[in-house]
Protein chains: 2
Amino acid sequence: MSMIAGGSAGPTIGEIGEFALIDAILQSVPADPDRTRTVVGPGDDAAVLAARGEVVLATDAMVEGVHFRRDWSEPGDIGRKVVAVNVADLEAMGATPVGLMLSLSAPADLPLSWVTAFRDGVLAECETAGIRLIGGDTTASTVLTIVGSTFGDMEGRTPLTRSGATVGQKVAVKGRLGWAAAGLRALSRGFRSPRVVVEAQRCPEVPYGAGREAVAAGATSLIDVSDGLVADLGHVANASGVSIELTTANLDIAEPLQAVASATGGDPVQLVLTGGEDHALVGTFETVPAGWVELGVVTEAGEAGSQVLVDGEVPDWPSGHDHFAR
Amino acid sequence: MSMIAGGSAGPTIGEIGEFALIDAILQSVPADPDRTRTVVGPGDDAAVLAARGEVVLATDAMVEGVHFRRDWSEPGDIGRKVVAVNVADLEAMGATPVGLMLSLSAPADLPLSWVTAFRDGVLAECETAGIRLIGGDTTASTVLTIVGSTFGDMEGRTPLTRSGATVGQKVAVKGRLGWAAAGLRALSRGFRSPRVVVEAQRCPEVPYGAGREAVAAGATSLIDVSDGLVADLGHVANASGVSIELTTANLDIAEPLQAVASATGGDPVQLVLTGGEDHALVGTFETVPAGWVELGVVTEAGEAGSQVLVDGEVPDWPSGHDHFAR
């Protein structure tokens, strides 16, 4: 149940004002246990951190009604999700997550209690992901919009881009595929179960640390699956000038995904191949590391250019998500 | 005149889709002339840059209807402004600007031509500010929201925080005070002149490089004036445990500000002391450097704690801007 539905949610952020809001967010940020990193923490014009190697930077926005709904997700889930989706981009380069900044644009009538519960989710997921909240910005908007931007450190490793896949290598995944999409399908039809997929939609379970694992295992490319496996592997294929052939017999279709597909008349394999928002990591390897699941192989691009083939065919369904499509 | 008013603005971003939109933005990003900085540029999961010293990170949001209006500003002005306000936070630490990421949340019916004109403004101001567009994110929203996040490099310098001001030092400014507020006041009353203040509201003239100048001149604290001189010096006074006394006889009230004040019945001194959004840099120094204007002195905090006094008095007007206030 969303806090906004209640009648006694306490003061709104408009009533307490911008500076009290910032204080409420910052009061729970733990001190940096690793003082060699944080030179200037939250509260100044900018944060200052020590870098040990090349610096990795990414940004990802979450907009109410597009990426989350306050009647589907608790504020803590939304806080956890904004951390997870942002750190996933650092993982996809093989970086060590270091610092997160949050920009919160919110209606003045948003209850302060919503923000503090959101903040608690942010800080809990930061702890899990091994990243620190280092700063941010608050402002008014009619649409609740949360933009994360992250700083990671390669710490001497070489970044894993999308362009390194070579013919003959294996494609392998760590993390979930299709779970968040199954949860969205359930929620869209008014269901709150299966609980595990609904929770996966509210906040993905990102395989933290898998980026560094991939570097150690000699990965030649890496991407996080935000738009859908076929769509995101399409980016790898294009950037690397190769094709990718997936074998659906390799896919492990978890029971809750089968349940959602059968209840809603969909194809569970399509859910796994096109569902985004789980932020699994997919890489290309000479040898698939332990804990990763082999999905297919890298092949030469044919006359039609770089393609992602599923069981030898070009899929005839939309491969991923376009945020601006109607 | 806004592009949205026209009947032949070409395709919308919803019609061309997310990936074509990203291509349209990235096609004009110049190659990095300093290849030792950019390890991975725009287009991958994240950008990777080389750091030479401590890393400085900041984020700043601009929301339609709160920070800009499409009927008051050309898209190019809005693009320039998002760069300027973000780089100002790096300047305020004494950092060298390096990289900018942009998160663009926009309605699907936004014309592509608006985005390309916005992008041209972004790239022009990046050139002026000495920063590079290194990545970003696009998504749908009902409210046009642009969030910048920036990466700067201390390059061996010590960051200038808000907490270093000590009693007896001088307070000095570089840049404009009150111009953007005068422009807002003119626009709010339906005027399009004086042109210089209206333009200052559309995009501030940030004194790029002044942060490094302040470091070289031995500044002990530095802040950019985003909310208003008295409000922002209040942050410095609080963080440093001092009071600050401003002398209005030191203020140079430019003619266009006097014109706006006299046409709208306001006090031009109050405009200079409370107007935000010009992003002048204000620091504390033993000796005021050339090109900076002395405004007052740092004094001991009295019984009432840290205060900002104007001609010896606590001002009785609101000192700055609260984004959530009605």
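Small disclaimer: the values here were computed from a predicted structure and weren't measured.

Student: I'm lost on the overall build of chain A in this one. Help?
Tutor: Each helix and strand counted, chain A has 10 helices and 12 strands in total. Whereas a compact globule of 326 residues would reach a radius of gyration of roughly 20 Å, chain A reaches 20 Å, a difference of no more than 12%. Burial analysis of chain A (326 residues in total) assigns 59% to the buried set. A separation of at least 24 residues holds for 84% of the contacts in chain A among residues at least 6 apart in sequence. Across chain A, the centroid of the 21 positively charged side chains sits 5 Å from that of the 42 negatively charged ones.

Student: Help me out: how do you make sense of the sheet that holds strand β10 (residues 281–285) of chain B in this one?
Tutor: The pairing of strands in a sheet comes from backbone hydrogen bonds and takes either a parallel or an antiparallel form. Residues and elements named next belong to chain B. Pairing is mixed across the open sheet formed by 6 strands, whose spatial order is β8-β10-β7-β11-β9-β12. The open sheet has two edge strands with one neighbour each: β8 (221–224) and β12 (308–310). Mean inter-strand twist for the sheet, computed between neighbouring axes without regard to direction, equals 25 degrees. Across 4 bridges, β8 lies against β10 in antiparallel orientation. Residue pairing in the sheet places aspartate 224 in a bridge with leucine 281 of β10.

Student: What am I meant to see in the environment of tryptophan 72 of chain B here?
Tutor: All names here are of chain B. Mapped onto the fold, tryptophan 72 is located in the loop between β3 (55–63) and α3 (75–91). Residues tryptophan 72 and glycine 190 lie 118 residues apart in sequence; the distance between their C-alpha atoms is 9.9 Å. Discounting chain neighbours no more than four positions away, the residues touching tryptophan 72 are Leu184, Leu187, Ser188, Arg192 and Arg202.

Student: Where do I start with the interface of chain A and chain B in this structure?
Tutor: How big an interface is tends to be expressed through the accessible area that disappears when the partners come together. Opposite the 65 residues of chain A that make contact, chain B presents 66 residues. Both faces combined, the contact of chain A with chain B buries some 5,000 Å², and carbon together with sulfur accounts for 62% of it. Taken together, chain A and chain B are joined by 4 salt bridges. A salt bridge links aspartate 45 of chain B to arginine 162 of chain A; its shortest N-O distance comes to 3.1 Å. Remark: the boundary between chain A and chain B carries 15 residue pairs in polar contact (both at pLDDT 80 or more). The dominant element in the side of chain A that touches chain B, judged by the number of residues it contributes, is strand β3 (residues 55–63) of chain A, at 8 residues. Summarising the sheet, strand β2 (residues 47–49) of chain A and β3 of chain B pair through 3 bridges and their orientation is antiparallel. Bridge pairing links valine 48 of chain A to valine 56 of chain B in β3 of chain B.

Student: How should the sheet that holds strand β5 (residues 132–140) of chain B be read in this particular structure?
Tutor: In space, the 6 strands of this open sheet follow the order β1(A)-β2(A)-β3(B)-β6(B)-β4(B)-β5(B), with mixed pairing throughout. Looking at strand neighbours, the two that pair on one side only are β1 (38–40) of chain A together with β5 of chain B, the edges of this open sheet. Between one strand axis and the next, the sheet turns through 20 degrees on average, direction left out of account. Most of the contacts of helix α4 (residues 112–129) of chain B go to strand β4 (residues 96–106) of chain B, to which it runs at about 165 degrees, and overall it touches β4, β5 and β6 (145–153) of chain B.

Student: Is there a simple way to think about unusual backbone geometry in this case?
Tutor: Trans peptide bonds make up most of the peptide bonds, and negative phi angles are found at most residues other than glycine. Going from serine 193 of chain A to proline 194 of chain A, the amide bond is cis rather than trans, its omega being 0 degrees. Within the element layout of this structure, proline 194 of chain A appears in the loop between α5 (179–188) and α6 (195–202). Although it is not a glycine, glutamate 277 of chain A sits at a positive phi angle of roughly 75 degrees. Turning to its location among the elements, glutamate 277 of chain A is positioned in the loop between α10 (268–274) and β10 (281–285). Judged by relative accessible area, glutamate 277 of chain A falls into the partly exposed class, the value being 23%. Even without glycine at this site, histidine 279 of chain B takes up a positive phi of about 55 degrees. Within the secondary structure layout, histidine 279 of chain B lies in the loop between α10 (268–274) and β10.

Student: Even after reading the chapter, I still don't get the pattern of salt bridges, so can you show me in this structure?
Tutor: For side chains bearing opposite charge, pairing can occur when the charged atoms are close. Residues and elements named next belong to chain A. Overall, the coordinates contain 32 salt bridges over all chains when judged by the stated rule. For the salt bridge of arginine 69 with aspartate 71, the shortest nitrogen-to-oxygen distance reads 2.9 Å. Among the residues examined, arginine 69 registers a relative accessible area of 35% and is labelled partly exposed. Residues joined in a network through salt bridges with shared partners are Arg37, Arg52, Asp153, Glu155 and Arg157.

Student: It is not clear to me how the packing of α5 of chain A against α6 of chain A should be interpreted in this structure. Could you clarify?
Tutor: To describe two helices that pack against each other, one gives the angle between their axes and the distance between the axes. Residues and elements named next belong to chain A. As a packed pair, α5 and α6 sit with axes 7 Å apart at the nearest point and diverge in direction by 105 degrees. Of the possible angle classes, the one that applies to α5 and α6 is roughly perpendicular. Of the residues in α6, those in contact with Trp179, Ala180, Ala182, Gly183, Leu184, Ala186 and Leu187 of α5 are Val196, Val197, Val198, Ala200, Gln201 and Arg202. Here the contact of α5 with α6 is composed, by residue class, of 10 nonpolar, 2 polar and 1 charged.

Student: I'm lost on the side chain of lysine 81 of chain B in this one. Help?
Tutor: Along the chain, lysine 81 of chain B turns up in helix α3. In this structure lysine 81 of chain B touches Met62, His67, Gln201, Arg202, Cys203, Pro204 and Glu277 of chain B, once residues within four positions along its chain are discounted.

Quick notes on the rules
Residues numbered from 1 in each chain as written. Chains lettered and ligands numbered in written order. Predicted model: local features only at pLDDT ≥ 70, side-chain atom pairs only at ≥ 80, totals over all residues. Heavy atoms only, no water. Helix = DSSP H or I, 4+ residues; strand = E, 2+ residues; numbered from the N terminus. Rg over C-alpha atoms; globule rule 2.2 N^0.38 Å. Buried < 20%, exposed > 50% of the residue type's maximum accessible area, 1.4 Å probe, protein only. Contact = heavy atoms within 4.5 Å. Lys, Arg positive; Asp, Glu negative; His and termini not counted. Charge placed at Lys NZ, Arg CZ, Asp CG, Glu CD. Pairing = 2+ DSSP bridges. Axes fitted to C-alpha atoms, helices over the stretch in contact; angles between N-to-C directions. Buried area = accessible area lost by both parts, 1.4 Å probe. Salt bridge = Lys/Arg side-chain N within 4 Å of Asp/Glu carboxyl O. Polar contact = N/O pair within 3.5 Å; in protein donor to acceptor, adjacent residues only side chain to side chain. Parallel < 35°, antiparallel > 145°, perpendicular 65-115°, else oblique. Nonpolar A, V, L, I, M, F, W, Y, C, P; charged D, E, K, R; others polar.

Purely geometric numbers; function is a separate question.
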